[in-house]
Amino acid sequence: MIFPNWSATMKNKAYIVFGFLALAWGMTFLFNKSASTLITPTQIAAVRVFMGFLPVFAAALIGRKLKWRHLRFTHHFIVMSVLAGSLYYSSFAKGIQLLPSSLAGMLSGAIPMISFITAAAFLRDEPVNRRSLVGLGVGFIGVAMIARPWDASVSASDLAGVGYIGLGSLCVGLSFVYARRFLSPLGISPLALCTYQLGIAALTLLVTTDFNGASAIFDNGWIALGLFFGLGLFGTGFAYLCYYFVVENLGAVKAASVTYIPPIIAVLTGSLILGESVQLLDLIALMAILTGVVVMQSGRTPPMQRHMTNVPSQQS
């Protein structure tokens, strides 16, 4: 009787962690936007990745997941560090700087759609059926309603912001394909892979980033705390650990549903805390994106959904 009780306890804890993960990922848009008023997007990405690396590295050391024999796969880790690390986080930081955080959060809901397209293009076992295509179409209608490239009143800065969010989303999609093709067959622990990915990305950003003027982040203590702890330590590092805990105890399909909540939280924090204007059309667009993703995901087979969640969506 001990084991059933233990299983129920772990599931209950997993639902609590699920809620924390959704909140942590949703709040990252607020922390990122606030930091962008004081320092550059690349500086934000560097701090975020470094702080996120620390708890993941500690967990991997404690769990003894890091092996010297993994060094021969360093070239794969470098590619992943660019796609799902340095370029991804830098692109999203730039996009959030240019856009209202609420709109950036809405657009991030399209990450599963981009991942589906890249998987369908490069992986033979990705099912493409009518339901998936309908969901994809509905979702991109929502994206178009936010971007509105036909509207002359939409500024070039806003379109550039959409482009940067799109680039970051493409990086996530390509990282999924690369992980499926080259890393999954290696049987390396996801925690180890995450450690190598973030570690190399942190080193790359720390070496290449111009930190002139970065001390301005300390002009506002709350914004500094949001960047170092809200965005970096919890929103990136502990979020990874929480994600894998949820996958282990609730399953990959349920864990994937956590990505539906952060865009909603981004809208709430952007409008209520930052005072951003959210129009009815934007809310309709968000519903179209989330509906499209749900319909698209329902067209996948369970095994494929499990593969999709091997690489966290890494909400910005």
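Residues numbered from 1 in each chain as written. Predicted model: local features only at pLDDT ≥ 70, side-chain atom pairs only at ≥ 80, totals over all residues. Heavy atoms only, no water.

A. Representation of the packing of helix 5 (residues 111-122) against helix 6 (residues 130-147) in the model. Running from N to C, helix 5 and helix 6 point in directions that differ by 130 degrees, and their axes come no closer than 10 Å. The orientation of helix 5 relative to helix 6 falls into the category oblique. Judged by the sense of rotation from one axis to the other, the crossing of helix 5 with helix 6 is left-handed. Contact with helix 5, carried on its side by Met-113, Ile-114, Phe-116 and Ile-117, involves Ser-132, Gly-135, Leu-136, Gly-139, Phe-140 and Val-143 of helix 6 and no other residues of that element. Considering only residue class, the contact of helix 5 with helix 6 consists of seven nonpolar, three polar and no charged. (Axes fitted to C-alpha atoms, helices over the stretch in contact; angles between N-to-C directions. Helix = DSSP H or I, 4+ residues; strand = E, 2+ residues; numbered from the N terminus. Parallel < 35°, antiparallel > 145°, perpendicular 65-115°, else oblique. Left-handed = near helix turned anticlockwise from the far one by under 90°. Contact = heavy atoms within 4.5 Å. Nonpolar A, V, L, I, M, F, W, Y, C, P; charged D, E, K, R; others polar.)

B. The arrangement of helix 2 (residues 41-62) in detail. Over its 22 residues, helix 2 extends 32 Å from the first C-alpha to the last, a length consistent with the 32 Å expected when each residue adds 1.5 Å. Positioned one or two residues after helix 2, Arg-64 has a phi angle of 55 degrees, which is positive. (Expected span 1.5 Å × (residues − 1).)

C. Broad picture of the confidence of the model for the protein. Mean pLDDT for the protein: 88, with 91% of residues reaching 70 or above. Per-residue pLDDT stays below 50 along residues 303-310; that stretch engages in 17 contacts with residues further than four places along the chain or on separate chains. (pLDDT = per-residue confidence, 0-100.)

D. Region of interest: a positive patch on the surface. A cluster of basic residues, Arg-64, Lys-65, Lys-67, Arg-69 and Arg-72, forms a positive patch on the protein surface. Within the secondary structure, Arg-72 sits in the loop between helix 2 and helix 3 (74-98). What makes Arg-72 exposed here is its relative accessible area of 56%. (Patch = residues over 30% accessible without salt bridge, like charges linked within 9 Å, V, L, I, M, F, W, Y side chains within 5 Å. Areas by Shrake-Rupley, 256 points an atom, 1.4 Å probe, with all protein chains shown as cover. Salt bridge = Lys/Arg side-chain N within 4 Å of Asp/Glu carboxyl O. Lys, Arg positive; Asp, Glu negative; His and termini not counted. Charge placed at Lys NZ, Arg CZ, Asp CG, Glu CD. Buried < 20%, exposed > 50% of the residue type's maximum accessible area, 1.4 Å probe, protein only.)

E. Region of the structure containing helix 5. The terminal C-alpha atoms of helix 5, which comprises 12 residues, lie 17 Å apart, in line with the 16 Å expected from a rise of 1.5 Å per residue. Within helix 5, burial applies to Ile-111, Pro-112, Met-113, Ile-114, Ser-115, Phe-116, Thr-118 and Ala-119.

F. Region of the structure containing the environment of Phe-234. Within the secondary structure, Phe-234 sits in helix 9 (residues 221-250). In this structure Phe-234 comes out as partly exposed when scored by relative accessible area, which is 36%. Along the sequence, Phe-234 and His-76 sit 158 residues apart, while their C-alpha atoms lie 26 Å from each other. For Phe-234, the residues in contact, after removing those within four places along its chain, are Phe-20, Ala-24, Phe-229 and Ala-239.

G. Representation of unusual backbone geometry within the structure. Although it is not a glycine, Arg-64 sits at a positive phi angle of roughly 55 degrees. Mapped onto the elements of the fold, Arg-64 is located in the loop between helix 2 and helix 3.

H. Structural context of the packing of aromatic side chains. According to the stated counting rule, one finds 10 aromatic pairs in the structure shown. Relative to Phe-57, the ring of Phe-53 lies with its centre 5.1 Å away and its plane at 15 degrees, an arrangement referred to as stacked. With Phe-53 and Phe-57 both in helix 2 and four residues apart, this pair spans about one turn of that helix. Taking the relative accessible area as the measure of exposure, Phe-57 reaches 31% and is therefore partly exposed. Feature note: the residues Phe-20, Phe-234 and Phe-238 constitute an aromatic cluster, connected by ring pairs. (Phe/Tyr/Trp six-rings, centres within 6.5 Å; stacked < 30°, edge-to-face > 60°.)

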